[in-house]
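So you can see what is in the structure, the chains are spelled out below.
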Amino acid sequence: MSLAEWTSRYMVALSRHDLSLVLMLVLGWLVLGAAGLIRPHRVGFVAHVLFPLGALAAVGVAFLGAIALLAGHSPQILLLPLGLPNLPFHARLDTLSAFFLLLLGLAGAGISTFAAGYFRSGQGTAPGLLCLQYHVFLASMALVILADDAYFFMVVWETMALSSYFLVTSQHRIPEIRRAGFLYLLMAHIGALCILLSFGVLQGGRWQFTFDAMRGASLTPFWASAAFLLALIGFGAKAGLVPLHVWLPEAHPAAPSPVSALMSGLMLKTAVYGMLRITFDLLHIRYWWWGVLVLGVGLFSALFGAIFAAVQTDMKRLLAYSSIENIGIIFTGIGLAILFAACGLPLFAALALTAALIHSLNHALFKSLLFLATGSVLHATNQRSLGKLGGLIRRMPWVAALALIGTLAIAGLPPLNGFVSEWLLLQSFLFTPQIPHAFLNMLIPLGAALLALTVALAAYVMVKFYGVIFLGQHREPSLVHAHDADWLERIGLAWLALGCIAIGVMPQLALRAAGAVTGTLLGQTVNLSSPFWWIAPIASKQASYSGLILLAGIVGVVGITFVMVRVLAHGRIRRTASWDCGYPWQTSRMQDTAEGFGQPIRHMFGPFFRMERKLPAPTDTAPHYQVHIEDRLWRVLYLPIARGVQRLADWIGLLQGGRLSIYLLYSFLTLIALLVFVL
Amino acid sequence: MSTLTIVRQFGEVLLAIAIAPLFAGWIAQCRAWLQNRSAPPLTQPYRMLRKLFHKDVALATDASPLFRMTPYILFGTMVLAAAIIPSVATDLPFARVADAIALIGLFATARVFLSLAAMDIGTAFGSMGARRDMMIGFLAEPALLMVLFNAFLLSGSTALPSVVEASTAHPFLIDPSLVFAAVAFLMVLLAENARIPIDNPATHLELTMIHEAMVLEFSARHLALVEWSSDLKLFNYACIGFALFLPWGIATHGADGGLTLGVAVIALLAKLIVAGAALALIESLSAKLRIFRAPEYLAMAFLLAVLGLLVHLLLGA
């Protein structure tokens, strides 16, 4: 038996038991988490045994997800002996779940490896408990993706929210972190409530809460739209779509870096998954205006996130806003896909959905990478503020090199992965003039321009992020003592960076994975017949791209140029002080600060911000400059709601007189009312 | 893939590398004439490069490997872009590697690397230049994308060879939307290549420089490569413009014998001579804008491109 034959037979055997194997790995995560409680304060055991094992399980999940995508067979269903009597939990593995399992496993493996090196300090939650929360979080995300009935879905969805809440508040002695955690919990529950209501509408009066029953339910246009809107609000709150994003820039920076990576890279994607599941699978896409709505919200979120990211001065907040931007890009793709599908253009819908799916995968990889890199920087320097970093490329060459890959990838530059999905999305925008609505087909191309603006702004943001942290002079003298990441952290970072490169140079692999999903959801795939280093989603004559040849070309030309310069000229070098137009005095304070780098954005997009500035007077002997930037939505939307709730509570509070006789009167009146009602 | 196509590909790339400094020299010469100055010889850029290649590099003590790699990466991306753009012939092995949108991405890669290198030394000018250049970049990209949208609507493709072939198939069909798009493209070209009215390549005035501020710390062979790649970038942009709006003369698929190739090279040179003179004229007639007028300028380019789009959709529908 040849090797290829043996592998294929082995694959088939594996793919038959895919779902049960994945569930076993998920169970493995839970066991690992529980094992952390045996010796909760022994860092070595938790860090060097449990987390690496968790990373291995994640690799397994990714592998099984990939096999399920490759096999592309009909969905597997399992009834779990859990849950309420007569209401067993249903689990199901189809291509959509498999794609997100692949995403979860790939990024999760890198994050867990990194976490093995990261969790070592004793402050806050004990490492063992952290390990439990971490693995419960991972497992619940996997189960969200596998759930096949509304009960199971809501149970694991809530588990996910709660476990991540505890992780966010692991440094619970700091008041800001408690506040961020509370805001997160509140928004998570508003979202969960909307999702619950959406499921309530989706069951269509038959009181059956399996997804299978919902697929068959016939809803009137009004109720279908109601279910869609509730799902959009619910999953939008989890994903961080504007205006439901306020928790995100608070909660992500508050959490320890591996947890920020999990939340930003993976948890936001469960919301994308939920949106796709409900819209494409349970509701079978109906109306074009759903697409326009999602597209509009997505584009606005993308631009909003990019603009706010550009003015941040805290490195983790900057990345959190950049997550809002990327989620916006993903939802832009989803919106276009809904629009195209509802207008009867399934090929273009498949293209847009492919772009959204690949961007989800990409974002999971590069955003995790960058959050983890900030974790290493934080460990090495104890600084989160960009204004106190700088020049770390000379102290932390490993982290700097790997973070550079993440930076270039998230900035959407060829030949890395971020470019692939953004290119696909721009390609699908090109076909919007074919939409049979007179105004839409003129208006939506402008969305492409907005997307291009966002992508280019993201490049601006990432130059700021990388340049201020890693390049230039140290802004604080203490940074000379910064040390590089340890080897487990490096492996974790390198794994994610490798993923970014692999998808960038072999985009066809990601295209095929996404193609399996669009095949089931839309019955159509983009052109998948190109070789693995080449993509031509519609036709080769229309547009094509090859990351591998691009990379090989650049490397080739660079190599030839390098040799030619050495041969024809020379390689002499002289180290001197920098030139800087001949200025003799230079201090690290003369470089652009984070505020300085964001200044053009503050200038141009002023109406977006609420700015408070303190400028020094010309006569000030110790001048002090301060600028504070706030989200306008916070005052326009959230504070009035909070005040309204407060006022309502005050009114209701009037009922509570605090005297026993009044309460007895209430009971008496209620009794009378009930008697009247019954008789 | 025959040997002939490979020879043609290499020939095109070598031609681009060779004449890009000449093109820059030609613009400088025309500018000097228009401004009543005596012009430097056409070969001045080559002499400059030779001089720089023979000097010793004076490298700042704090420079990281990123800084030293950047000139090579810039040159690499620009040469690769020259291989992809159909400046002489459309049937090239590299032509399908990236469509026009991916080409913009490739240019963005170069820009990001240069900006990062500028921030690497940690001088005030470097980070100022990086910030300004990235700003011009994100303002220019939407306009450029709308220009490409126009081209796509006319030819059904964003791959430059297909665009060229579609428009040479109907040589005398001029769509009104192309006029708007061409003006928008020209404005973006000036902004992206650090020319007046956005930036002045001949200045070292602290407050106004953008591109020059970024390359201040480069010296000798590094500076030579950076300069050469900016020349190549200008050449590449010009060739993208020719492919989109003036494709006449480019040897198309199936019609690329020796004679047509000769004609194509002569046509390219003629177009470059005219374009260089026109650029010099524009630069001599306009004044440099303040940096915060740049958004208005590029918004204008964007609006023109959108007008082109609307004209096409309204008239074509």
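Residues numbered from 1 in each chain as written. Chains lettered and ligands numbered in written order. Predicted model: local features only at pLDDT ≥ 70, side-chain atom pairs only at ≥ 80, totals over all residues.

Chemist: Just give me the short version of the overall build of chain A, but keep the residues and values in it.
Modeler: For chain A, the helix and strand inventory stands at 23 helices and 5 strands. Relative to the globule expectation of 26 Å for 679 residues, the C-alpha radius of gyration of chain A, 26 Å, shows essentially globular dimensions. Summarising its shape, the C-alpha atoms of chain A cover approximately 105 × 80 × 65 Å along the three principal directions. Counting only residues that meet the buried cut, chain A has 54% of its 679 residues in that class. Considering only residue pairs separated by 6 or more positions, chain A has 78% of its internal contacts joining residues 24 or more positions apart. (Helix = DSSP H or I, 4+ residues; strand = E, 2+ residues; numbered from the N terminus. Rg over C-alpha atoms; globule rule 2.2 N^0.38 Å. Buried ≥ 20, exposed ≤ 12 C-beta atoms within 10 Å, placed from the backbone. Contact = placed C-beta atoms within 7 Å.)

Chemist: Lay out the overall build of chain B with the relevant residues and their values.
Modeler: Along the backbone of chain B there are 11 helices and 1 strand. From first element to last, N terminus to C terminus, chain B shows the α and β order α-α-β-α-α-α-α-α-α-α-α-α. Against the 2.2 N^0.38 benchmark of 20 Å for 317 residues, chain B shows a C-alpha radius of gyration of 19 Å, consistent with a compact globule. Within chain B, buried positions represent 60% of all 317 residues. Looking at chain B alone, contacts between residues at least 24 apart form 80% of all its contacts between residues at least 6 apart.

Chemist: Break down the interface of chain A and chain B for me, citing the residues and quoting the values.
Modeler: The partner chain B presents 70 residues to the 66 residues of chain A that form the contact. Of all elements in the fold, only α16 (417–429), α17 (440–470), α20 (547–568), β3 (573–576) and α21 (594–604) of chain A reach the threshold of two or more residues within the side of chain A that touches chain B. Among the residues forming the side of chain A that touches chain B, the class breakdown is 42 nonpolar, 17 polar and 7 charged. As defined by bridge partners, β3 of chain A adjoins strand β1 (residues 57–60) of chain B across 4 bridges and the pair is classed as parallel. (Nonpolar A, V, L, I, M, F, W, Y, C, P; charged D, E, K, R; others polar. Pairing = 2+ DSSP bridges.)

Chemist: Got a sec to walk through unusual backbone geometry? Specific residues and values, please.
Modeler: Across the chain, the bulk of peptide bonds are trans and the bulk of non-glycine residues have phi less than zero. Of note, the amide linkage connecting Val242 of chain A to Pro243 of chain A takes the cis form, showing an omega dihedral of 5 degrees. Summarising the element assignment, Pro243 of chain A is placed in the loop between α9 (221–239) and α10 (248–254). Geometrically, the link from Ile196 of chain B to Pro197 of chain B is a cis peptide bond, its omega value of 10 degrees lying close to zero. As for its position among the elements, Pro197 of chain B is in the loop between α7 (176–192) and α8 (211–215). Not every positive phi belongs to a glycine, and Trp207 of chain A is a case in point at roughly 55 degrees. Looking at the secondary structure, you find Trp207 of chain A in the loop between α7 (175–202) and α8 (211–216). Among the residues examined, Trp207 of chain A registers 8 C-beta atoms within 10 Å and is labelled exposed. Unusually for a residue other than glycine, Ala220 of chain B sits at a positive phi of about 50 degrees.

Chemist: Please provide a residue-by-residue account of helix α11 (residues 257–282) of chain A, values included.
Modeler: Residues and elements named next belong to chain A. Its 26 residues place the ends of α11 35 Å apart at the C-alpha level, agreeing with the 38 Å of an ideal helix rising 1.5 Å per residue. The largest bend in α11 is about 30 degrees, located at Met263. The buried count for α11 comes to 25 of 26 residues, which makes it a mostly enclosed element. Looking one or two places after α11, you find His284, whose phi comes out positive at around 50 degrees. (Expected span 1.5 Å × (residues − 1). Bend = angle between axes of the 7 residues up to and from the residue.)

Chemist: Explain the environment of Ala66 of chain A residue by residue, including any values.
Modeler: Residue and element names in this part refer to chain A. As for its placement among the helices and strands, Ala66 is situated in helix α3 (residues 43–71). Residue class for Ala66 comes out partly exposed when judged on the 19 C-beta atoms lying within 10 Å of it. For the pair formed by Ala66 and Asp484, sequence separation is 418 residues and the distance between their alpha carbons is 34 Å.

Chemist: Would you mind going over the pairing of strand β2 (residues 87–93) of chain A in detail, with residue names and values included?
Modeler: Along β2 of chain A, 5 of the 7 residues are buried, which leaves the element largely enclosed by surrounding structure. Adjacent in sequence and paired antiparallel, strand β1 (residues 76–84) of chain A and β2 of chain A are bridged by 2 residues, among which Asn86 of chain A carries a positive phi angle near 65 degrees.

Chemist: Quick rundown of the environment of Ile573 of chain A? Include the residues and the values.
Modeler: Residue position: Ile573 of chain A is located in strand β3. When sequence neighbours within four positions are dropped, the list of residues in contact with Ile573 of chain A reads Asp56, Val57 and Leu59 of chain B.

Chemist: With reference to specific residues and values, describe the confidence of the model for chain B.
Modeler: Looking at chain B as a whole, its pLDDT mean stands at 88, while 97% of the residues score no less than 70. Predicted complex, confidence summary: ipTM 0.93, pTM 0.93. (pLDDT = per-residue confidence, 0-100.)

Chemist: Got a sec to walk through α21 of chain A? Specific residues and values, please.
Modeler: Buried within α21 of chain A are the following residues: Ala594, Phe597, Gly598, Pro600 and Ile601 of chain A. Angularly, the buried residues of α21 of chain A cover 140 degrees about the axis, an arc narrow enough to put them on a single face. Of the surrounding elements, those touching the buried residues of α21 of chain A are α12 (288–310) and α17 of chain A together with α5 (124–155) of chain B. (Arc of directions from axis to C-beta.)

Chemist: Could you give an account of the packing of helix α14 (residues 346–381) of chain A against α16 of chain A, naming the residues involved and the relevant values?
Modeler: Residue and element names in this part refer to chain A. For the pair α14 and α16, the least separation of the axes is 8 Å and the interaxial angle reads 160 degrees. Classed by the angle they form, the pair α14 and α16 counts as roughly antiparallel. Pair α14 / α16 crosses with left-handed handedness. For the pair α14 and α16, contact is made by Phe348, Leu351, Ala352, Thr354, Ala355, Ile358, His359, Asn362, Leu365 and Phe366 and by Asn417, Gly418, Val420, Ser421, Leu424, Leu425, Gln427 and Ser428, respectively. (Axes fitted to C-alpha atoms, helices over the stretch in contact; angles between N-to-C directions. Parallel < 35°, antiparallel > 145°, perpendicular 65-115°, else oblique. Left-handed = near helix turned anticlockwise from the far one by under 90°.)

Chemist: How would you explain the packing of α16 of chain A against α17 of chain A if you had to name every residue and give the values?
Modeler: Residues and elements named next belong to chain A. Taken N-terminus to C-terminus, the directions of α16 and α17 make an angle of 160 degrees; their axes are 9 Å apart at the nearest point. One finds that α16 runs roughly antiparallel with respect to α17. When you trace α16 past α17, the crossing you get is left-handed. Contacts from Glu422, Leu425, Leu426 and Phe429 of α16 reach α17 at Pro445, Gly447, Ala448, Leu451 and Val455. Residue classes in the contact of α16 with α17 are distributed as 7 nonpolar, 1 polar and 1 charged.

Chemist: Help me get a handle on the confidence of the model for chain A, residues and values and all.
Modeler: Considering every residue of chain A, the mean pLDDT works out to 89; 99% of them sit at 70 or more. The secondary structure element of chain A with the lowest average pLDDT is helix α1 (residues 3–16) of chain A, at 72, and the one with the highest is helix α15 (residues 397–410) of chain A, at 94.

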